[in-house]
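Structural features, examined
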Amino acid sequence: MDSAYANGDTSVVRGRNCCGHFHKNGSCSNAGMDPGQFEKWLNGLSRTFVADLSVDQKGAFLDRVIASCGAEQLTHLSTHLEGLLRRDFLKLLPPELGNYLLSWLDPQTLGRSCRVSKHWNKVIAECDEVWERNCRIIGYNSSEGSDDEITSDNGMRWKAVYKTVLNQLKKLEDESAFDSKTLQGHTARVYALNYYHGKIASGSDDLTVRLWDVASGQSLKVLDTHSCADLKFDDKKVVTASFDSTVASWDWDTGKRLQHFVGHTGAVFCIDYSDALQLLVSGSADMAVCMWDLVGGALLHRLTGHTEWVTQVLIGWCSVNTELFQAGDAIIFSMDKVEIRLWSLADDQSCSLTKIISYPSEQIHGQTFLPRLQFNSEVIACASDIGVLLWSFRTFELLRRISIADCSNVFLLGSGSKFTLLLDANSLHVLDTHSQSVVSSWKLPSCRKSKRGSNFIAGDVRWLNGISGQNENGLVFAASTPDHSLHMVCWRSENR
């Protein structure tokens, strides 16, 4: 072209509406229609295509057009078809309708759907109600009051919470959630154990009480005491029940005896106390329950009526109004091997028998209540030789009986709305409270298991109401062993 212009030949020019090639005399057979004519033709063709052609004719027409296309037209067609055929309905729908559709998907399908695109992953992760509902279904425990923190982040954390809960449940199922530890220090049989705020207290035939730190396994304090059948403690004191028929309280810091409670005529097997009420309750082989002034040491009341050794006492508070109790009432529970007694405690600390719970069967011969009695303001639970029994505190009707193999050797460590923790001769078992299926089992070494239940304990049992990601740490279970040591089962730390 440059040489043609140099020679003054202007016959080779580019047509105004041509195909883009050089043509002599400016003429081009591919120059196309005038824009106005093209628009009129295109509208007529579209009307004919839509209104006059059958489905088969439309297909035949498109086949003919595609066959007539060159590379440029086919590329153009491919680019536009992809956008038409792969429409993302989550982008097109209003967010509320998209979330509603996603709410019908199970968690596994939601997880796979996150891989479709970045947009889908973002939408699903922010689908607050869907992930919250799935967290509830698999057993998330929101009783710690953390819901506001989660929902304040546009729901992004609910998916993370779901993953945390699911991961912990899988660890329980594959028996990788726990670790074992051994504490050594006592030189004779350990009869009594108690857990409080990350610490264990143990009482032994070596006439000492030891305080242990669960996290480090270190012995923090050693007190010289009397023989110990049961104990309870807090940060300042420890209260011990003894086979010598007495109860005593001791100062952790000085080791001195603060008070001596004398009044039983048989071995004292169980105790509980309340600083708020300044009350100590004890149960004995003399089949009596004694109420004491915790500070002054005076015997306030001697409750009788049991026909067997009293193996457990418990101070609880009523949080709901029932026919027998009012919200805020203090209640004393006392248990022997055939019945559970509930005593109402008045403001002046007078006490009266209000309810007796016995076996749900008339055939009571040979049936025995086993440790440990549990009360959570809604449900009363206890193991027995016919299974774990759960009663409604409102109506005292039997809600459920969890039947397990060899019930006579199974002890209840804790019962929650999601899980139940049981101990048998060889293992620790986590059961689904509703389905009664075994979620996890943990093999134990040889441990002492008193029929009074004083030498084995559960740790923090809040996780039995559901996994929260916060309560799954520290002590799960502890028991004394024949070599006088303590065997602990703890939650496995995250860095393992």
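In case you missed it, the structure is sitting above this.
The following refers to the structure shown. Since we're looking at a predicted model, the values are computed, not measured.

A word on the pattern of salt bridges. In the structure shown here, the tally under the stated rule is 13 salt bridges. Close ionic contact of Lys 221 with Asp 253 constitutes a salt bridge, the shortest N to O distance being 3.6 Å. On the criterion of sequence distance, the pair formed by Lys 221 in strand E7 (residues 219-224) and Asp 253 in the loop between strand E10 (246-251) and strand E11 (257-262) is long-range, its members being 32 residues apart. Classification of Lys 221 as partly exposed rests on a relative accessible area of 29%.

Between two aromatic rings, the relevant description is the distance of the centres plus the angle of the planes. Counted according to the given criterion, the structure contains 21 aromatic pairs. An angle of 50° between the planes, with centres 5.1 Å apart, marks the rings of Phe 411 and Phe 456 as tilted. Of this pair, Phe 411 sits in strand E24 (residues 411-415) while Phe 456 sits in strand E28 (residues 456-458), and the two are 45 residues apart along the sequence. We note that Phe 411, like Phe 456, is buried. Within the aromatic cluster, the residues linked to one another by ring pairs are Phe 178, Phe 419, Trp 442, Trp 463 and Trp 491. Above the face of the Phe 49 ring, Lys 58 is positioned so that its terminal group lies 5.6 Å from the ring centre. Between Arg 372 and the ring centre of Phe 456, over which it is positioned, the NZ or CZ distance is 6.0 Å.

Here we come to the environment of Leu 431. Structurally, the position occupied by Leu 431 is in strand E26 (residues 427-432). We classify Leu 431 as buried; its relative accessible area is 2%. Here Leu 431 is in contact with Ile 402, Ile 404, Lys 418, Phe 419, Thr 420, Leu 422, Gln 436, Ser 437, Val 438 and Val 439, once residues within four sequence places are set aside.

A few words now on the sheet that holds strand E16 (residues 312-317). Ordered by their spatial adjacency, 4 strands build an open sheet running E16-E17-E18-E19, and the pairing between neighbours is antiparallel. A strand with exactly one partner marks an edge of an open sheet, and here the two such strands are E16 and strand E19 (351-357). Ignoring strand direction, the axes of neighbouring strands in this sheet form an average angle of 25°. Note that strand E17 (residues 330-335) and strand E18 (residues 340-345) share 6 bridges and pair antiparallel.

The next point concerns the layout of surface pockets. Of the voids in this model, the largest pocket is the one considered here, and its volume is about 1400 Å³. Together, 48 residues line the largest pocket, and Leu 314, Gln 374, Phe 375, Gly 459 and Val 461 are the ones closest to its centre. Counting residues per element, the lining of the largest pocket draws most heavily on strand E12 (residues 268-274), at 6 residues. In the lining of the largest pocket, the residues fall into 23 nonpolar, 17 polar and 8 charged. Size it by volume and the second largest pocket reaches roughly 680 Å³. Contributing to the lining of the second largest pocket are 16 residues, with Leu 45, Phe 61, Leu 62, Val 65 and Cys 69 lying nearest its centre. Every element with two or more residues in the lining of the second largest pocket is listed here: helix H2 (35-51), helix H3 (55-68) and helix H4 (71-85). Looking at the lining of the second largest pocket, the element that brings in the most residues is H2, giving 6 residues.

Criteria and cut-off values
Residues numbered from 1 in each chain as written. Predicted model: local features only at pLDDT ≥ 70, side-chain atom pairs only at ≥ 80, totals over all residues. Heavy atoms only, no water. Salt bridge = Lys/Arg side-chain N within 4 Å of Asp/Glu carboxyl O. Helix = DSSP H or I, 4+ residues; strand = E, 2+ residues; numbered from the N terminus. Buried < 20%, exposed > 50% of the residue type's maximum accessible area, 1.4 Å probe, protein only. Phe/Tyr/Trp six-rings, centres within 6.5 Å; stacked < 30°, edge-to-face > 60°. Lys NZ or Arg CZ within 6 Å of the ring centre and 35° of its normal. Contact = heavy atoms within 4.5 Å. Pairing = 2+ DSSP bridges. Axes fitted to C-alpha atoms, helices over the stretch in contact; angles between N-to-C directions. 1 Å grid on protein atoms, 1.4 Å probe; cavity = no way out; pocket = protein on both sides within 12 Å on 5 of 7 lines; lining within 4 Å. Points joined across faces, edges and corners; volume = space filled by probe spheres on them. Nonpolar A, V, L, I, M, F, W, Y, C, P; charged D, E, K, R; others polar.

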